[in-house]
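# Summary of structural features
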Amino acid sequence: MVNATARHPLYRIALGVDMEGSTTRSNQEKATLRQVMYGVLMDAMALHGVGDDDIDRLVDLGDGVIVLIRPSDRLPKTVLLGSVVPELSGLLALHNARRPDLPLRLRAVVHAGEVHYDERGQYGELLDVSCRLLDAPRLKLALRETTEPLVLVVSDDLYRAVVHHGYEGISPSAFAPHVNVQIGYAPRQGWVHVPDSSSLHRRAG
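In this text, all values refer to a predicted model and were calculated from it rather than measured experimentally. (Residues numbered from 1 in each chain as written. Predicted model: local features only at pLDDT ≥ 70, side-chain atom pairs only at ≥ 80, totals over all residues. Heavy atoms only, no water.)

### Digging into the packing of helix H1 (residues 27–46) against helix H2 (residues 77–98)
The description of two packed helices rests on the angle between their axes and on the distance between the axes. Operational definition: As a rule, the C-alpha atoms of each element are fitted with a line to give its axis, helices using only the stretch in contact, and angles between N-to-C directions run from 0 to 180 degrees. In DSSP terms, a helix is any run of H or I states spanning at least four residues, a strand is any run of E spanning at least two, and both are numbered starting from the N terminus. Angular relationships are summarised with four words: roughly parallel below 35 degrees, roughly antiparallel beyond 145, roughly perpendicular across 65 to 115, and oblique for the angles in between. Two helices crossing with the near one rotated counterclockwise from the far one by less than a right angle form a left-handed crossing, whereas a clockwise rotation gives a right-handed crossing. We call two residues contacting when some pair of their heavy atoms lies within 4.5 Å.
Between H1 and H2, the least distance of the axes is 8 Å, while the angle of their chain directions is 140°. Taken as axis vectors, H1 and H2 run oblique relative to one another. When you trace H1 past H2, the crossing you get is right-handed. On H2, the residues touching Val 36, Val 40, Leu 41, Asp 43, Ala 44 and Met 45 of H1 are Val 84, Glu 87, Leu 88, Leu 91, Leu 92 and His 95.

### Observations regarding the pairing of strand S8 (residues 186–193)
Condition: Here, any two strands with at least 2 DSSP bridges between them count as paired.
Of the pairings in the sheet, the one linking strand S6 (residues 150–155) to S8 comprises four bridges and is antiparallel in character. By the bridge assignment for S8, Leu 152 is matched with His 193. Of the strand pairs in this sheet, strand S7 (residues 176–183) and S8 are connected by six bridges, and their pairing is antiparallel. Looking at S8, one finds that Ala 176 is bridged to Val 192. Taking the residues between adjacent antiparallel strands as the criterion, S7 and S8 are bridged by two residues, where Gly 184 takes a positive phi near 65°.

### Quick word on the confidence of the model for the protein chain
The predicted structure's coordinates, where accompanied by low pLDDT, should not be read in detail. Applied cut-off: Per-residue confidence from the predictor is reported as pLDDT, which spans 0 to 100.
Taken as a whole, the protein chain shows an average pLDDT of 91; of its residues, 94% reach a score of 70 or greater. Contacts from residues 201–205, a stretch scored under 50 in pLDDT, to residues over four places away or in other chains number nine contacts.

### Remarks on the packing of aromatic side chains
Applied cut-off: In summary, the pairing rule links any two rings of Phe, Tyr or Trp, Trp by its six-membered ring, whose centres are within 6.5 Å, and it sorts them by plane angle into stacked for under 30 degrees, edge-to-face for over 60 and tilted for everything else. Whether a residue is buried, partly exposed or exposed follows from its accessible area with a 1.4 Å probe, protein chains only, as a fraction of its type maximum: under 20%, in between, or over 50%, in that order.
Summed over the entire model, instances satisfying the criterion amount to two aromatic pairs. A ring pair is formed by Tyr 159 and Trp 191, whose centres lie 3.6 Å apart and whose planes are at 5°; its orientation type is stacked. Taken together, the positions of Tyr 159 in helix H5 (residues 156–161) and Trp 191 in strand S8 put the pair 32 residues apart, joining distant regions of the chain. The pair formed by Tyr 159 and Trp 191 is uniform in burial state, with each residue classed as buried. Joined through ring pairs, the aromatic side chains of Tyr 159, Phe 175 and Trp 191 make up one cluster.

### Re the environment of Val 192
Inspection of the secondary structure puts Val 192 in strand S8. Taking the relative accessible area as the measure of exposure, Val 192 reaches 6% and is therefore buried. Sequence-distant contacts of Val 192, defined by excluding residues within four places in its chain, comprise Leu 139, Ala 142, Leu 152, Val 153, Ala 174, Phe 175, Ala 176, His 178 and Val 179.

### As for the pattern of salt bridges
The test is simple: What counts as a salt bridge is simple: a side-chain nitrogen of Lys or Arg found within 4 Å of a carboxyl oxygen of Asp or Glu.
One pass over the full model with this rule turns up twelve salt bridges. Here Arg 120 and Glu 119 are joined by a salt bridge, their closest N and O atoms 2.8 Å apart. For Arg 120, a relative accessible area of 69% translates into the label exposed. The salt bridge partner of Lys 140 is Asp 135, with a shortest N-O separation of 3.1 Å. Residue Lys 140 is classed as partly exposed on the basis of its relative accessible area of 29%.

The following block contains the structure:
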């Protein structure tokens, strides 16, 4: 349990998603898609060991959500990038095959840094950067340009610390520095990756 009045920032890994084209949906469609979005995200995390005890209160964005994951030796960033995100893409593909009348495609972000808490929730640069990367026009374009159900952007910090080193299941050449956003007076870069959902083993049960 996080102390909401904690004076000091706490380190978290942010995994966020946002729906494509949510403003074109009716309120009833949004309600259904929000249930699907939360369901596939929680399932993808649970399948790779991320449970309720590992995360803080969810940051709901209306047509998206940001999960703040507490640091743990059993949940390195490589698990999120190499397993959870591909799993999420696969679960989305499965939903879309089952419900072609109500498909769901997501933009996703992974970033890490410090976050603050008060009685109203979480705030700080970690969330600012994550939201700005998620909403970047170039990331939206990347999703429009692919038939895959998900595109991922990672912050430059995360790319340099993890992706760049080519750990198992993570190919640096599959990430491209397409996204540039401004946070205050500082430019920030994001690296875009499109997971191949067709190459993954799907759990249809």
